[in-house]
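Report on the structure
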Amino acid sequence: MKIERGLLDIARQCNSPNADERPDGEISLIVVHNISLPPGQFGGAHIDALFTNTLDPTQHAFFAEICELRVSAHVLIRRDGELVQYVPFEKRAWHAGVSHYAGRERCNDFSVGIELEGTDHVPFEESQYQTLASVVATLINTYPTITCERIVGHSDIAPGRKTDPGPAFNWAHFRGLLDGQLNRLAEK
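In this report, the structure presented in the accompanying data block is examined. (Residues numbered from 1 in each chain as written. Predicted model: local features only at pLDDT ≥ 70, side-chain atom pairs only at ≥ 80, totals over all residues. Heavy atoms only, no water.)

**Topic: the side chain of serine 16**
Which entries qualify depends on this criterion: Runs of H or I in DSSP of at least four residues are treated as helices and runs of E of at least two as strands, each being numbered from the N terminus. Residues are treated as being in contact if the distance between any of their heavy atoms lies within 4.5 Å.
Position of serine 16 relative to the elements: it lies in the loop between strand 3 (12-13) and strand 4 (19-21). Setting aside anything within four residues of it in sequence, one finds serine 16 in contact with Phe51, Thr52, Val71, Ser72, Tyr86 and Val87.

Structural data, given as structure tokens:
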């Protein structure tokens, strides 16, 4: 896996208009999220539609509530491990909302947003953990200001407002896979 011009070479590209320039060009934090549309349902093109402002409000009652949102993430990891990229890493994706980390506000300015297709309470798939570890290792290898200590959940930067990736996300398992990926990269 490689990043060229801010894009992952193995990701399906689905460009989102919901992005802009990073104010300082800094990329130093990874934020892990979860998403499912409709809530609790997996598969389909609804996440792509949300992030590209084409969600049809008539397809589900929940979509009428969120179809006007202008949000995005850098990447989505589907249940089967498929990787979709919406925003180049050098751009600011609109994923964190009101947020703060280490005394700084506006985490979108300096973070990468990674969505996992899932919910707070449904276990994530092994393929998602494998893909997430590969993506994060590649990001750390490409952007040296990102460290293992600077990987957080949305709930960590927006406590009380957000709960994702939720209790079903196995941080210890992910970190073990990430350590393995980083060791393999160091050996190359």
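**Here we look at the environment of proline 167**
Mapped onto the secondary structure, proline 167 falls in the loop between helix 4 (154-157) and helix 5 (171-187). With 147 residues separating them along the chain, proline 167 and aspartate 20 place their C-alpha atoms 32 Å apart. If we ignore the near neighbours within four places in the chain, the residues touching proline 167 are Asp120 and His121.

**As for the packing of aromatic side chains**
Quick note on the threshold: Centres within 6.5 Å are what make two rings of Phe, Tyr or Trp a pair, Trp counting through its six-membered ring; a difference in plane orientation under 30 degrees is then read as stacked, over 60 as edge-to-face, and the rest as tilted. Type-normalised accessible area, obtained with a 1.4 Å probe on protein chains alone, sets the label of each residue: buried when under 20%, exposed when over 50%, and partly exposed for intermediate values.
Considering all chains together, one arrives at eight aromatic pairs under this definition. With 5.8 Å between their ring centres and 80° between their planes, phenylalanine 124 and phenylalanine 169 make a pair best called edge-to-face. Here phenylalanine 124, found in the loop between strand 11 (111-117) and helix 3 (126-142), pairs with phenylalanine 169, found in the loop between helix 4 and helix 5; they are 45 residues apart in sequence, far enough to count as distant. Judged by relative accessible area, phenylalanine 169 falls into the buried class, the value being 4%.

**Observations regarding helix 3**
Just so we agree on the cut-off: To estimate how far a helix should reach, multiply one less than its number of residues by 1.5 Å.
The terminal C-alpha atoms of helix 3 lie 24 Å apart, and with 17 residues this matches the ideal 24 Å at 1.5 Å per residue to within 8%. With respect to burial, helix 3 is a largely interior element, 12 of its 17 residues being buried. Among the residues of helix 3, those classed as buried are Gln128, Tyr129, Thr131, Leu132, Ala133, Ser134, Val135, Val136, Ala137, Thr138, Leu139 and Ile140.

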